[in-house]
Amino acid sequence: GAGVSQSPSNKVTEKGKDVELRCDPISGHTALYWYRQSLGQGLEFLIYFQGNSAPDKSGLPSDRFSAERTGGSVSTLTIQRTQQEDSAVYLCASSRGGSYNEQFFGPGTRLTVL
Amino acid sequence: AQSVSQHNHHVILSEAASLELGCNYSYGGTVNLFWYVQYPGQHLQLLLKYFSGDPLVKGIKGFEAEFIKSKFSCNLRKPSVQWSDTAEYFCAVNEATDSWGKLQFGAGTQVVVTP
């Protein structure tokens, strides 16, 4: 596709439920990143994929968060047993990798946990 | 610890006024610097980037940034803003030697330009 796409655009869930957020990167981009943007805060790094492997999971806030990437393309971020503090906008970005290439961002998924 | 801080959380100015947004970072090694912008209802998009060389960098839409290595700062400027510059602006940094390119962002500055 022309850009990074994410689905759903909005997700409202009840505390304790599991949610899955999807990211479709730009075709040919080997690097994929997940960030989280909470109200009044900047973007917080969650996890990075190079191909299908995730060498850097340092930003995942708890073991309730997990992510996978298949076929070097689509990625899914899963949050189990959601808590109210998980409410945020989850952003996905892709790039050709490395520190010098621009990261292209998707529109984000706004998650609200009631 | 590595950190990125932006000086203002909220800026309001009139059309044709000049804009300057400050960003400071705390990193141990060589860094790359980026300014991203998020217009209302739109994706984050890159305004400009600095890797090395001339510390004055020109970006899109009339924006420029000055990188002052000795002060660990990178300030974004526009000489004359328009109503369409209303947006949130983010400074971001990564380590030049980091093959993963992970970005660390500042908290963002919400800029409102009044007609």
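Along each chain, residues carry numbers from 1 onward, in the same order as the chain's sequence is written. Numbering of ligands from 1 and lettering of chains from A proceed in the order in which they are written. Given that this is a predicted model, residues contribute local features only at a pLDDT of at least 70 and side-chain atom pairs are listed and counted only at 80 or more, while totals for whole chains, interfaces and linings are drawn from all residues. Note: side-chain values were computed over all heavy atoms of the structure, leaving out hydrogens and water.

1. Describing the overall build of chain B
Stage number 1. Counting secondary structure elements, chain B contains 0 helices and 12 strands.
Stage number 2. In this description a helix means any DSSP run of H or I spanning at least four residues, a strand means any run of E spanning at least two, and both kinds are numbered starting from the N terminus. For chain B, the succession of helices and strands along the chain, N to C, is β-β-β-β-β-β-β-β-β-β-β-β.
Stage number 3. Against the 2.2 N^0.38 benchmark of 13 Å for 115 residues, chain B shows a C-alpha radius of gyration of 14 Å, consistent with a compact globule.
Stage number 4. The C-alpha extent of chain B, read off along each of the three principal axes, is 45 × 30 × 20 Å.
Stage number 5. Relative accessibility decides the category of a residue: with a 1.4 Å probe and only protein chains considered, values under 20% of the type maximum give buried, values over 50% give exposed, and everything between is partly exposed. Of all 115 residues assigned to chain B, the portion counted as buried reaches 47%.
Stage number 6. Should any heavy atoms of two residues lie within 4.5 Å, those residues are counted as being in contact. At a minimum sequence separation of 6, the contacts of chain B that also span at least 24 residues come to 56%.
Stage number 7. Taken as a whole, chain B presents about 5500 Å² of accessible surface, with 53% of it coming from carbon and sulfur.
Stage number 8. The positive count covers Lys and Arg only, the negative count covers Asp and Glu only, and His and the chain ends enter neither. Think of each charge as sitting on NZ of Lys, CZ of Arg, CG of Asp or CD of Glu. Charged side chains of chain B number 8 positive and 9 negative; the gap between the two group centres comes to 3 Å. Each radius of gyration is computed over the set of C-alpha atoms, and the globule rule expresses the reference value as 2.2 Å times the number of residues to the power 0.38. In this description, accessible areas are obtained by the Shrake-Rupley approach with a 1.4 Å probe, and a residue is regarded as covered only by the protein chains that are shown.

2. What to know about the packing of aromatic side chains
Stage number 1. Any two rings among Phe, Tyr and Trp, with Trp reduced to its six-membered ring, count as a pair given centres within 6.5 Å; such a pair is stacked if its planes are under 30 degrees apart, edge-to-face if over 60, and tilted if neither. With the rule as written, the count across this model stands at 17 aromatic pairs over all chains.
Stage number 2. Measuring from centroid to centroid gives 5.4 Å for Phe105 of chain A and Tyr36 of chain B, while their planes differ by 80°, and the two rings are edge-to-face. Taken together, the residues Phe105 of chain A in strand 10 (residues 104-105) and Tyr36 of chain B in strand 5 (residues 31-38) connect one chain to another. Each member of the pair, Phe105 of chain A as well as Tyr36 of chain B, carries the same accessibility label: buried.
Stage number 3. Relative to Tyr89 of chain B, the ring of Phe63 of chain B lies with its centre 5.5 Å away and its plane at 45°, an arrangement referred to as tilted. A residue pair is termed long-range when its members are at least 10 positions apart, and Phe63 of chain B in the loop between strand 7 (56-58) and strand 8 (64-68) and Tyr89 of chain B in strand 10 (residues 87-95) qualify at 26 residues. There is no split in this pair, since Phe63 of chain B and Tyr89 of chain B are both buried.

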